[in-house]
Amino acid sequence: ALYGLTNDGISADSVDNDGGYIKVEGVRKAGFLAQLDFSFSPDGYFTEGPYYLRYAMSPFLLFGKSLANNRPDIDILNYREGILLKAVYALINQTDAQGQFFPINDAQKGMSWLSREVISAVDIAYYHGGRDPRLLSIAQKQQTVQLDETGFAVASDIDKGLAKDFQQESVAYRDGADGKQGGVGILRISKEEDELCVVFKYSAHGMGHGHFDKLSYSLYDELGEVVQDYGAARWVNIDQKGGGRYLPENKTFAKQSIAHNTLVINQISHYE
C-alpha cells in the first residue's frame with residue numbers, strides 16, 4: 001500500500017524487501033507515497049482540483065492517521081514538508097464566502113466544507129497538525145465532529161472558547177508535482193460583511209477532469225457566484241442511478257475556451 005508492488009511498473013531489481021516492507025529505490029510509480037509525490041503540488045494543490053480533493057482528502061488523512069499511529073518512523077505528517085496538512089488548508093481556501101468549493105475542472109456545484117469528508121479532514125488536521133485554533137472556526141460552521149479522539153478534541157477546545165476566525169486570503173497555488181504546471185490564483189478583498197473574490201485558473205489538465213482552455217476566471221461576492229465559469233455540462237439527479245452524467249454539450253460548447261470566460265482570437269479556441 002505504501003510503495004506499490006513489483007507489477008505496478010516497478011522493476012524487480014529496484015525493489016528489496018526489508019522486514020516485510022517494500023522499499024523502492026528511485027522514482028515510485030505506485031502506492032500511497034507515490035500518490036503524495038505526484039498528485040499534489042508543493043503548495044498542497046490537488047491536481048484534479050478542490051471538488052475531487054473534497055472526497056479524496058478523507059482516505060488520504062485516514063490512512064495518514066493510521067500511519068502516524070502505527071508507523072511513526074515514516075513521519076507521514078511531515079512527508080514532503082507536511083503535504084497532507086498543506087492540502088487541508090488549500091482545500092479550505094478554495095471556497096467562496098459561503099464555503100462552497102470553486103467549480104474548477106468538471107466539478108459539480110454546491111459542494112461545500114459542510115461535507116462529511118471535510119469534517120473528517122478538519123478534525124484530523126486539527127488533532128494531528130498542531131491544533132490550529134483557526135480550524136475550530138470551520139468546525140463550528142460544520143456543527144459536526146467525528147466520533148473519535150480527533151472530534152472529541154475539536155469539540156472540547158471549541159467549548160473552551162479557543163476558536164479563532166479562519167481568514168481566507170489571496171493566494172497563488174502552483175500545479176504539478178514540481179509546481180511548474182501552471183496553477184490557480186485567488187484574489188480576495190473584503191470590507192465588513194462584503195467580499196469580492198476572483199479565481200483565475202491556469203492549471204494543468206487535471207488528469208482528464210480539466211479543460212483544454214487556459215486563463216479562465218470566475219467572480220464571487222459574499223453571497224456566491226457572480227460571473228460563472230461554464231465548467232462541465234452535466235445533469236444531476238434526473239435519471240435513476242444516472243445523476244451527474246455528462247451531456248452531449250460537454251464535448252462541444254463546454255470544451256470551448258469562451259465557455260470558460262477565456263478570450264479567443266479569430267474565433268479559435270485554445271488547443272483548437
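Below is a summary of the structure that appears in this document. All of these numbers come straight from a predicted model, not from anything done at the bench. (Residues numbered from 1 in each chain as written. Predicted model: local features only at pLDDT ≥ 70, side-chain atom pairs only at ≥ 80, totals over all residues. Heavy atoms only, no water.)

**Looking at the overall build of the chain**
No. 1: For the chain, the helix and strand inventory stands at 6 helices and 7 strands.
No. 2: For the chain, the N- to C-terminal ordering of α and β elements is β-β-α-α-α-α-α-α-β-β-β-β-β.
No. 3: For 272 residues, the compact-globule formula gives about 19 Å, and the C-alpha radius of gyration of the chain, at 20 Å, lands near that figure.
No. 4: Along the first, second and third principal axes, the C-alpha set of the chain runs to 60 × 55 × 40 Å.
No. 5: Taken over 272 residues, the chain has a buried fraction of 47%.
No. 6: A total accessible area of about 14500 Å² is found for the chain, and carbon and sulfur atoms account for 52% of it.
No. 7: Taken together, the 26 basic and 36 acidic charged side chains of the chain have centroids lying 3 Å from each other. (Helix = DSSP H or I, 4+ residues; strand = E, 2+ residues; numbered from the N terminus. Rg over C-alpha atoms; globule rule 2.2 N^0.38 Å. Buried < 20%, exposed > 50% of the residue type's maximum accessible area, 1.4 Å probe, protein only. Areas by Shrake-Rupley, 256 points an atom, 1.4 Å probe, with all protein chains shown as cover. Lys, Arg positive; Asp, Glu negative; His and termini not counted. Charge placed at Lys NZ, Arg CZ, Asp CG, Glu CD.)

**Remarks on the packing of helix α3 (residues 83-93) against helix α4 (residues 116-128)**
No. 1: Between α3 and α4, the least distance of the axes is 10 Å, while the angle of their chain directions is 130°. One finds that α3 runs oblique with respect to α4. Along this stretch, α3 crosses α4, giving a crossing that reads as left-handed. Contacts from Leu85, Val88, Leu91 and Ile92 in α3 reach Val118, Ala121, Val122 and Ala125 in α4.
No. 2: Grouping the constituent residues of the contact of α3 with α4 by class yields 8 nonpolar, no polar and no charged. (Axes fitted to C-alpha atoms, helices over the stretch in contact; angles between N-to-C directions. Parallel < 35°, antiparallel > 145°, perpendicular 65-115°, else oblique. Left-handed = near helix turned anticlockwise from the far one by under 90°. Contact = heavy atoms within 4.5 Å. Nonpolar A, V, L, I, M, F, W, Y, C, P; charged D, E, K, R; others polar.)

**Side note on the nonpolar core**
Nonpolar side chains tend toward joint burial in soluble globular proteins.
No. 1: Counting 41 residues, the largest nonpolar core has Phe32, Leu36, Met57, Phe60, Ile76 and Leu84 as the members making the most contacts within it.
No. 2: Listing elements by their share of this core, those giving two or more residues are α1 (32-38), α2 (50-70), α3, α4 and α5 (133-142).
No. 3: Top element by residues in this core is α2. It accounts for 8 residues.
No. 4: In this structure, Leu36 is in contact with Phe60, Ile76, Tyr79, Arg80, Ile83 and Leu84, ignoring residues within four places of it in sequence. (Core = buried A, V, L, I, M, F, W, Y, C linked by side-chain atoms within 4.5 Å.)

**A few points about unusual backbone geometry**
No. 1: Positive phi values are uncommon outside glycine, yet Gln143 reaches one of about 60°.
No. 2: Inspection of the secondary structure assignment puts Gln143 in the loop between α5 and α6 (149-159).
No. 3: Look at Asn266: it is not a glycine, yet its phi comes out positive at around 55°.
No. 4: Counting through the fold element by element, Asn266 comes out in the segment after β7 (224-227).
No. 5: Looking at Asn266, the relative accessible area reads 67%, which means it is exposed.

**Some details on the pairing of strand β6 (residues 216-221)**
A regular strand carries its side chains on alternate faces of the sheet.
No. 1: Residues of β6 alternate between two faces, with Ser216, Ser218 and Tyr220 buried on one and Tyr217, Leu219 and Asp221 left unburied on the opposite face.
No. 2: Where strand β5 (residues 194-202) meets β6, 6 bridges bridge the pair, whose relative direction is antiparallel. Looking across to β6, one finds that Leu196 is bridged to Asp221.
No. 3: With 3 bridges joining them, β6 and β7 adopt antiparallel strand pairing. (Pairing = 2+ DSSP bridges.)

**Observations concerning the environment of Ser58**
No. 1: Take Ser58: it is sitting in helix α2.
No. 2: When residues no more than four places from it in sequence are discounted, the contact partners of Ser58 are Glu117 and Ser120.

**A look at the pattern of salt bridges**
No. 1: Under the criterion given, the structure shown has 12 salt bridges.
No. 2: Across the pair Arg234 and Asp106 runs a salt bridge whose closest N-O atoms are separated by 3.8 Å. With Arg234 in the segment after β7 and Asp106 in the loop between α3 and α4, this pair connects stretches of sequence that are 128 residues apart.
No. 3: Judged by its relative accessible area of 5%, Asp106 is buried.
No. 4: Ionic pairing is found between Asp157 and Lys160, a salt bridge with its closest N-O pair at 3.7 Å. (Salt bridge = Lys/Arg side-chain N within 4 Å of Asp/Glu carboxyl O.)

**Digging into the packing of α2 against α3**
No. 1: Across the interface, α2 lies against α3 with an axial gap of 10 Å and an inter-helix angle of 150°. Comparing the axis directions of α2 and α3 gives the class roughly antiparallel. Crossing geometry of α2 relative to α3 is assigned as left-handed. Packed against α2, whose contacting residues are Pro50, Leu53, Arg54, Met57, Phe60, Leu61 and Gly64, the element α3 presents Leu84, Ala87, Val88 and Leu91 at the interface.
No. 2: Of the residues in the contact of α2 with α3, the class split is 9 nonpolar, 1 polar and 1 charged.

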